[in-house]
Amino acid sequence: MGYAGKVLFIDLTSGTHRTEELNRTWAQLYFGGKGLGVKYFVSMTAPSIDALSPENRVVLMTGPLAGTIAPCSGRLSVTTKSPASGTILECGVGGTVGPEIKFAGYDGIIIEGRANDPVYAVVDDDKVSVHPAGDLWGRGCHDTELMLKDRLGEEFRVISIGQAGENLVPMACLTSELYRQAGRGGVGAVFGSKRLKALCIRGRKPVRVPDMTEFMKVVGELMREDCLTDTNLWARTDGTPLLVEASNSAGILPTKNFQDGVFEGFKTINSESVRSVRQRKNACFACTLACGNYVRSGGAVVEGPEYETLALAGSNCGISDLDAVIRFNAACDDLGLDTISTGNVVAFAMELTERGIHDFGMRFGDIRPYLEVPGLIARREGIGSDLAQGVRYVAEKYGGRNFAMEVKGLEIPGYEPRGAWGMGLAYATSDRGACHMRAWPVADEAYGTLDPFTTEGKAALVIGGQHYNAIKFSLIVCDFWAISMENMARLASAATGRHVTSEELERAGERIYNTTRLFNVRAGFRRAADTLPDRIFKETLKTGRAAGRTYPKEEFERMLSEYYALRGWDEEGVPTPTKLEELEIS
Amino acid sequence: MEYYQHEMFHRNAPMEHGQSVSEIPSCGVMVVLHGSLERYAPPGQGRRMIVHLPRGRTMADLIDIIGIPRQYVSFGAVNGVRREMNQELKDGDEVALFTPLSGG
C-alpha cells in the first residue's frame, strides 16, 4: 500500500516499453524516491559508463506518499550518472509530475537507450508511446511544454529539456510546469544524449493507503502540529529569498565569486524586493506551504527567483539589479540551464577577466554580457562554448584553479563554507559534488547556535543531516518541512501499513548514503576528491562575521578522517565490507 | 514612511516606584520581523515597527517584549550583522529577527 506496485521501463533504442512488478524487498529497504531510484539505478548501471552514452539511464521515482494528501509530498526524484561530476546524480523536481506518475499506475519510470532521432514519450495511464519530436527540437522548455499541452491536452504533465540539454551542456536541467527544475549535475544533458525532448504523463488511477481513516488522522495532526507552524511558514510568507538577508547577516552570502560573504547591494535582491514584484504564491501538489513566488518584472515572468539564483546569479556576479536577475532566471529556465552552475561560471569568467587571466568581456556587475551568456552557453556559441563546460573546465583551460569554486566538477551553491565549517564538509562529502541538499549544517552554524568556526562535532552533524535528507527525499517529503524523524515514521507507517520506526528510517538513510558512496567509489572517487577549492583554505573573507578568519586545511582533513571513521569507511573513504554487510548492501 | 510606535514596552517594562513612563531613559530600535514572525506585530502593521526600550536592554529582552516564543527565533542581526542574543541595543539600531530556516 502507498505504492502503485509497478515500474515502467521505456527503451528509446527500440522504441518499446515494458512494466515490472515493484521490487518489494527494495521498497522495504529503500522506501521510494531517492533511495529506491538509486537502488534501481545502481543495480542496472555500471559505474564506469560515460554519462552521455546510451548505457546511462534516467530513473524517475516517486515515494509512497506521492499522490496522497500528505503535505509537501509532491516532489519527484530523478537519478542518473552526472555528466558534470561523473558521480551518481540524484535530484528532485516539484510541481505535479511526481504524483501524476503515481496516478498513471507507476511508482517509477526508467528511461533507457538512445533514440535515433529526437523523440518525446507519452505515458497516458497504461498507454505508452514514443513520437518524433523534430518540430520541438531547438525550442525552449516553455514552447515545448505549451505545444505538447496543446497537442495532448491540458491535463498532461510535461518534463522537458531546452536547447542546453539538446546540446549536451553539463549544467543542463529538466524543466516541468514551466518553472520547476531538476536542476543540478546535467540530467538535462542525459535526456539530450538520449534524444528525448520531453516526457508527458497523464494518470487517472487512484492512490490507495491501507487505512484511510488512520491516514487522514495522522496527516491532519501533523499538518496542524508540525507543518503549519512558525518553524516552516517562512516558506509561505517569503520562500527562499528570505535567505538572502539571513546569509548576508551571517556573512555567508557568496559575493563576487566567493571573494566575500557580504554583498553591499543585498537590499535590492532580498526578500522584501522580491515580494514587491510578486504576483502570487504557487505550490506543488498537496503542499500547504506554497514556497513559490510567481513574479513579473523587467519584462520577464518567472516562478522565482529562488535564493540560489539570487545568490549565485546575483551577489556572486556582483549584480544587485533584481530585474536583471529575474531576466537571467527566466532565460535559464527556458533554455534549460541550472542557475547555480550558470551563475558560478559567469562569476568565474568575471574574475578571470578582472584579473587579466583571460578576457571574457565581462566584469562583476556588468549586466549586458551577463544577460547574453545563458543563450551562448545553451547554444555553445562564442564564449559560451567554453563556459558551457563548467568552472573546472574553464580553470583547466585558462587558469584560476585556486579560485575555481567547484567540488568534483559541480559548482558550489549559496553558502560560503568559511562562515560555516561544517557546510564545507557537507560539500566535500556530498554524493554528487558541491551540493546543499545532502546536509545543511548552516541551519545550526550560520543561522543557529553552534559555533560556525570549529570542526568539533561537525562530522556527526553532517552525517546526521545526510541520513535525514536521504530518507526524507525517499518518502518523499519536501526539504522545507522541518519534520522530525519520528513524525516521518508516522507518515511512512500510515502510507505503507507496516509499523515503521524512526530508527528504521535512520538506518535506511545510512543505507542510501552508503549505496551512493559505493557507486562513486566504483566510479573511481576517493578521499582526494572529497575536498574544497584552495580559495576556501588559503584566502580570508573581507567583511562580515567570518572576516579575517582562515579555514585551516589541516582541521578540515582531521574532520574528514573523523567523518570516515564514524561512517565505518576506511581512510580513503571506501565503505568497509563490514559496514556494507551491516546495511545489507551488495 | 511611518512606523507604528510599539506600545508593549509601556505595558511590560518594570518601572521604579513613582516613576512615569516618560522619565525612563529609553532608546528606539527599528525591528524587522522576517518570515512568519510578522504575525507577532500588531495587526495590519506589516513587518517593520519601532520599539522603545529602556537603555541597556538586549536582543533577547526585545524578543520577550514583543512576545515571540524564543524557539521561533533562530537568530537576530543588528544593523545587518548577525549578533548574539545578549547584544545590547542602542538608539537607532535596526534589528532583524529570523525564524528557523530549513532546506536551501
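An account of the accompanying structure is given in this report. Everything quoted here is computed from the prediction, not taken from an experiment. (Residues numbered from 1 in each chain as written. Chains lettered and ligands numbered in written order. Predicted model: local features only at pLDDT ≥ 70, side-chain atom pairs only at ≥ 80, totals over all residues.)

1. Quick word on the overall build of chain B
Here is step 1: Regarding its fold elements, chain B presents two helices and six strands.
Here is step 2: Along chain B, helices (α) and strands (β) appear in the sequence β-α-β-β-α-β-β-β when read from the amino end.
Here is step 3: Across the 104 residues in chain B, those meeting the buried criterion constitute 34%.
Here is step 4: Of the contacts made within chain B by residues no fewer than 6 positions apart, 68% connect residues no fewer than 24 positions apart. (Helix = DSSP H or I, 4+ residues; strand = E, 2+ residues; numbered from the N terminus. Buried ≥ 20, exposed ≤ 12 C-beta atoms within 10 Å, placed from the backbone. Contact = placed C-beta atoms within 7 Å.)

2. What to know about the overall build of chain A
Here is step 1: Assigned secondary structure in chain A consists of 24 helices and 17 strands.
Here is step 2: What you see for chain A is a C-alpha radius of gyration of 22 Å, in line with the 25 Å of a compact globule of 586 residues.
Here is step 3: Taken along the three principal axes of its C-alpha coordinates, chain A extends 60 × 55 × 45 Å.
Here is step 4: In chain A, which comprises 586 residues, the proportion classed as buried is 62%. (Rg over C-alpha atoms; globule rule 2.2 N^0.38 Å.)

3. Notes on unusual backbone geometry
Residue and element names in this part refer to chain A.
Here is step 1: Cis geometry is found at the peptide bond from G304 to P305, where omega equals -10 degrees.
Here is step 2: Considering the arrangement of structural elements, one finds P305 in the loop between β15 (300-303) and α11 (307-312).
Here is step 3: The omega torsion of the bond from L475 to I476 falls at -5 degrees, within 30 degrees of zero and hence cis.
Here is step 4: With respect to the helices, strands and loops of the structure, I476 is situated in the loop between α19 (458-475) and α20 (485-496).
Here is step 5: The residue C72 is not glycine, and still its phi comes out positive at about 60 degrees.
Here is step 6: Within the secondary structure, C72 sits in the loop between β3 (58-61) and β4 (76-81).
Here is step 7: One non-glycine residue, L178, adopts positive backbone phi at about 70 degrees.

4. Notes on the pairing of strand β3 (residues 48-54) of chain B
Residue and element names in this part refer to chain B.
Here is step 1: Here β3 shows a clear split, with M49, V51 and L53 buried on one side and none of R48, I50, H52 and P54 buried on the other.
Here is step 2: By the bridge criterion, seven bridges tie strand β2 (residues 26-33) to β3 in an arrangement that is antiparallel. What sits directly across from S26, in β3, is P54. (Pairing = 2+ DSSP bridges.)

5. Digging into the packing of helix α7 (residues 212-227) of chain A against α20(A)
Residue and element names in this part refer to chain A.
Here is step 1: Contact geometry of α7 with α20 gives a least axis separation of 9 Å together with a crossing angle of 160 degrees. Relative to α20, the element α7 is oriented roughly antiparallel. α20 is crossed by α7, and the crossing has left-handed handedness. Each of E214, F215, V218, L222 and D226 in α7 lies in contact with α20, whose residues at this interface are N487, R490, L491, A494 and A495.
Here is step 2: Residues belonging to the contact of α7 with α20 are distributed by class as follows: six nonpolar, one polar and three charged. (Axes fitted to C-alpha atoms, helices over the stretch in contact; angles between N-to-C directions. Parallel < 35°, antiparallel > 145°, perpendicular 65-115°, else oblique. Left-handed = near helix turned anticlockwise from the far one by under 90°. Nonpolar A, V, L, I, M, F, W, Y, C, P; charged D, E, K, R; others polar.)

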